[in-house]
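Residue-level listing of the chains:
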Amino acid sequence: MCSVRWAPSACCMQMVPINIYFMNTILSLQNILKQYPATTGFAGIANISLELTKGEVVCLVGPSGAGKSTLLRCVAGLESMDSGQVLLEGAMPKDGDITFVFQDYNLWSHKTVLENIVLAPVLSGKVSRSEAVAHASFLLERFSLLDKKDAYPDFLSGGQKQRAAIIRALAIKPKVLLLDEITSALDPELVNSVLNVIKVLAKEGQSMLIATHQLKFATEVADRIIFLESGKQAQVSSPQDFLYGQTNPRIVEFIKTLNLHTQEISVYEGYDQFQAFQLGLLKRQRAGEAQCVVGSSGDRWFECMGKYYKDYEKLRIEKSIPWRMLMYSESARDKDIRLRHPLLNEYRLMPATLENPANYYVVGDVVVIQIFGEPGDEPAVIEIKNAHLAKSYQNYFNLLWEQSTAII
Ligand code: ADP
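The shown structure was predicted, so the numbers you read here are calculated from the model rather than taken from an experiment.

### What to know about the domain arrangement of the protein chain
- Once the domains are mapped, the protein chain shows domain 1 (25-257) and domain 2 (264-406).
- Computed from C-alpha coordinates alone, the two centres of domain 1 and domain 2 are separated by 40 Å.

### Considerations on the layout of surface pockets
- Here the second largest pocket is characterised by a volume of approximately 1,000 Å³.
- Breaking the lining of the second largest pocket down by element, the ones donating at least two residues are α2 (68-76), β6 (83-88), β7 (98-101), α3 (113-124), α4 (129-142) and α5 (158-170).
- Broken down by element, the residue count for the lining of the second largest pocket peaks at 6 residues, all from α3.
- Within the lining of the second largest pocket, the residues separate by chemical class into 24 nonpolar, 10 polar and 8 charged.

### A few points about the environment of threonine 112
- By the element assignment, threonine 112 lies in the loop between β7 and α3.
- The exposure class assigned to threonine 112 is buried, which follows from its relative accessible area of 12%.
- In sequence terms threonine 112 and tyrosine 152 are 40 residues apart; their C-alpha atoms lie 4.4 Å from each other.
- Contacts of threonine 112, omitting those with residues within four sequence positions, involve Lys149, Asp150, Ala151 and Tyr152.

### Overview of the confidence of the model for the protein chain
- For the protein chain, mean pLDDT is 88; residues scoring 70 or higher make up 92% of the total.
- The least confident element of the protein chain is strand β1 (residues 6-8), whose mean pLDDT is 37; the most confident is strand β5 (residues 57-61), at 98.
- The low-confidence segment residues 1-22 (pLDDT under 50) makes 35 contacts with residues lying over four places distant or belonging to another chain.

### Quick look at the environment of histidine 388
- Structurally, the position occupied by histidine 388 is in helix α14 (residues 387-402).
- The class for histidine 388 is exposed, based on a relative accessible area of 65%.
- In sequence terms histidine 388 and valine 366 are 22 residues apart; their C-alpha atoms lie 9.6 Å from each other.

### Quick word on the site of the ligand
- Inspection of the region around the ligand gives Tyr36, Ala43, Gly44, Pro63, Ser64, Gly65, Ala66, Gly67, Lys68, Ser69 and Thr70 as its neighbouring residues.
- Here glycine 44 contributes a backbone N or O atom positioned 3.4 Å from an oxygen atom of the ligand.
- The separation between an oxygen atom of the ligand and a polar side-chain atom of threonine 70 is 2.5 Å.
- Contact with the protein chains covers 59% of the free accessible surface of the ligand, which is 560 Å².
- Listing elements by their share of the shell around the ligand, those giving two or more residues are β4 (43-53) and α2.

### Quick notes on the packing of aromatic side chains
- All chains considered together, the criterion is met by 14 aromatic pairs.
- The structure contains a cluster of three or more aromatic residues connected by ring pairs, namely Trp301, Phe302, Tyr309, Tyr312 and Trp323.
- Lying over the aromatic face of tyrosine 309, arginine 333 brings its terminal NZ or CZ to 5.3 Å of the ring centre.

### Things to note about the nonpolar core
- In terms of nonpolar packing, the biggest core is built from 50 residues, with Ile166, Ile198, Leu201, Met208 and Ile210 touching the most fellow members.
- In terms of residue count, helix α6 (residues 188-203) provides more of this core than any other element does, 7 residues in total.
- Once residues within four sequence positions are removed from consideration, isoleucine 210 is found in contact with Val57, Val58, Cys59, Leu60, Leu179, Ile198, Phe217 and Val221.
- Counting 27 residues, the second largest nonpolar core, distinct from the first, contains Leu281, Cys304, Met305 and Met325.

### A word on helix α13 (residues 332-340)
- Turning to α13, its buried residues are Asp334, Ile337 and Arg338. For α13, the buried positions fall inside an angular range of 100° around the axis, keeping them on one side. Residues of α13 that are exposed and angled more than 90 degrees away from the buried face: Ala332, Leu339 and Arg340.
- Among the structural elements, β13 (291-296), α11 (299-305), α12 (309-318), β14 (323-327) and β15 (345-349) are those in contact with the buried residues of α13.

### Re unusual backbone geometry
- One non-glycine residue, lysine 173, adopts positive backbone phi at about 50°.
- The exposed category is assigned to lysine 173, whose relative accessible area is 59%.
- Even without being a glycine, serine 230 presents a positive backbone phi close to 45°.
- Counting through the fold element by element, serine 230 comes out in the loop between β10 (224-229) and β11 (232-237).

### Quick word on the pairing of β10
- Across 4 bridges, β5 lies against β10 in parallel orientation. Looking at the pairing, cysteine 59 lines up with isoleucine 225 of β10.
- Sheet analysis places β10 next to β11, joined by 5 bridges and oriented antiparallel. Counted as the bridge partner of glutamate 229 is lysine 232 from β11.
- With antiparallel pairing between neighbouring strands as the criterion, β10 and β11 make up a hairpin whose turn holds 2 residues, including serine 230 at a positive phi of roughly 45°.

Calculation notes
Along every chain, residues carry numbers that run from 1 in the direction the sequence is written. In keeping with the model being predicted, local features are shown solely for residues with a pLDDT of at least 70 and side-chain atom pairs are shown and tallied solely at 80 or more, while totals for entire chains, interfaces and linings include all residues. Hydrogens and water are ignored here; the side-chain numbers use all heavy atoms of the structure. As annotated, the domain borders come from an automatic or database domain assignment. Here a cavity denotes a set of grid points, spaced 1 Å apart and computed over the protein atoms alone, in which a 1.4 Å probe fits but from which it cannot get out, and a pocket denotes an open set meeting protein on both sides within 12 Å along at least five of seven lines; residues with an atom within 4 Å of a point are reported as lining. Grid points are joined across faces, edges and corners, and a volume is the space filled by probe spheres set on the points. Secondary structure is summarised from DSSP: a helix means a run of H or I of at least four residues, a strand means a run of E of at least two, and numbering begins at the N terminus for each. Gly falls in the polar group here, along with every residue not listed as nonpolar (Ala, Val, Leu, Ile, Met, Phe, Trp, Tyr, Cys, Pro) or charged (Asp, Glu, Lys, Arg). Burial classes: relative accessible area under 20% of the type maximum marks a residue as buried, over 50% as exposed, and values in between as partly exposed (1.4 Å probe, protein chains only). Pairs of residues are marked as contacts when any of their non-hydrogen atoms sit within 4.5 Å. Looking at any residue, its pLDDT shows the predictor's confidence there, from 0 to 100. A molecule or strand has a residue near it when one of that residue's heavy atoms lies within 4 Å. Counted as a polar contact is a pair of N or O atoms within 3.5 Å, where, for protein atoms, one must be capable of donating a hydrogen and the other of accepting one, and residues adjacent in sequence contribute only when both atoms are in side chains. Computed with the Shrake-Rupley method and a 1.4 Å probe, the accessible areas treat only the protein chains shown as cover for residues. Two aromatic rings, drawn from Phe, Tyr or Trp (for Trp, its six-membered ring), form a pair once their centres lie within 6.5 Å of each other, and the interplanar angle then sorts them: stacked below 30 degrees, edge-to-face above 60, tilted otherwise. Only when the NZ atom of a Lys or the CZ atom of an Arg is both within 6 Å of the ring centre and within 35 degrees of the ring normal do we say a charge sits over the ring. Residues belong to a common nonpolar core when they are buried Ala, Val, Leu, Ile, Met, Phe, Trp, Tyr or Cys residues joined through side-chain atoms within 4.5 Å. To be clear, the arc concerns the directions from the helix axis to the C-beta atoms. Here, strands pair whenever DSSP counts at least two bridges between them.

Listed below in C-alpha cells is the structure:
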C-alpha cells in the first residue's frame, strides 16, 4: 500500500491525492452539491462523492426525481455545481474526455448519421476528416448501422437513433461515457438493441456512469450499483447484493415497483388476435430459442392459425426456432412437419399419468396459455410476462420432457 501524498492537479492547482493515479481512478466526484429552488423540501443533489476506476461501469438507480440526471449533467458540465468538483485522472476534464448520451438522442436532424458522428472529432482539430470518417465507419459497422450512414435521423427507428447517438459519443474516444436513461424513449422491443451495444462497450473496458431504470440490465452490466434517493447516495452495492441481498426496506419496495412494470398479462381473443399474437411473439423471439410446448393440440392449432400458418412456419425456419413439443398423440400433419424438419421439431409423447389439462408454451420470460375449446370455437391466448413464472413453467416442462418418450 502506498501512503497518500498530495500533488497539484494539472490545470487548477488544487491538491489531489497522488495515489489516485496508482489506484487507476479515472473519474473522481468530490462532494457535488447542486440545489434547485424548490417549493417544498430539497431539489437537486447533495454531497455526492464517487470514484470510478478505469473500465468500471457504475449504474445509478432510484426513483424519479432522485437526482440521477442532475448528477450526470453536473459531471458532464451541462449543469453548474454549487460546490464540489469533478476530476478526470486527477485534473479538470478537457473537451471530449467525458461525453453524454441523452434520453432523446439529440441528433442534428438536418445532418446525416455520418455527419452527426464526424462533426465533433473534425471540429476538435485532433483528426483529419478522412480519419474521422474511417473511425465513424468502423463504429457504424460494429453496431450494425453502416447501411444508415447517409440517412437523416428522422428516417431511423428509435433504437437506430439511439445507437447513432452512442456512436457519436464514442467517436471522440471519451475516457468516460455518461448515459442518461437512454432507453426510456424506446418501444420495448427496441430496448435490447441499444442495451446490447452498452454491454459490448462494458466488456471492452469503456468506463461508464449510467442512469437507468432497467434493473436487469444494470445487474448484468454494472460493477457497482448506486441507489440515489432524494438527491443523496443511499446505498452502494454489488449488483448481486443490490438485487438479492437487499436489506433496506425502501429499496426492496423500489425493486418491487420496477418488477411490476415488467409484468403484464394480456388476453387475445378470436382467430384474428390469436394469429396476430402468435406471429408477433415469433417475430420478437430470439433466433434459435426453443418454444417448449406442453399439451400440443395437434391439428387444432394449425386450424386456428389459418392462412397465417405458412408465414409462421417460414419465419420459424428462418429464425431456427425449434418446437419442443410434448403431445398426447401425433397427428398425420405433425408427423409430416417433424419429418420435413427433424432438427427443428422434437416431439415426445407424454405418459397418460402426466397429462396436463392446460395447453401452454414458454418462450424466454413469457408463458403463453392457449385456449382452444371445441373445434369451431373461437380460440384465445393468455400471455403472461413474468420471468419467475416462466422459469417455473420451464422447469416443469423439463421434468415432463425427461419422463416422456421421444417420437422418432
Ligand atoms: P432523476 O434523474 O433521478 O429522475 P433529476 O436529477 O431529474 O432526477 O431531478 C432531481 C431533483 O431536482 C428533482 O426534485 C427535480 O424536480 C429537480 N430538478 C431537476 N432539474 C431541475 C431544474 N432544471 N430546475 C428545477 N428543479 C430541477
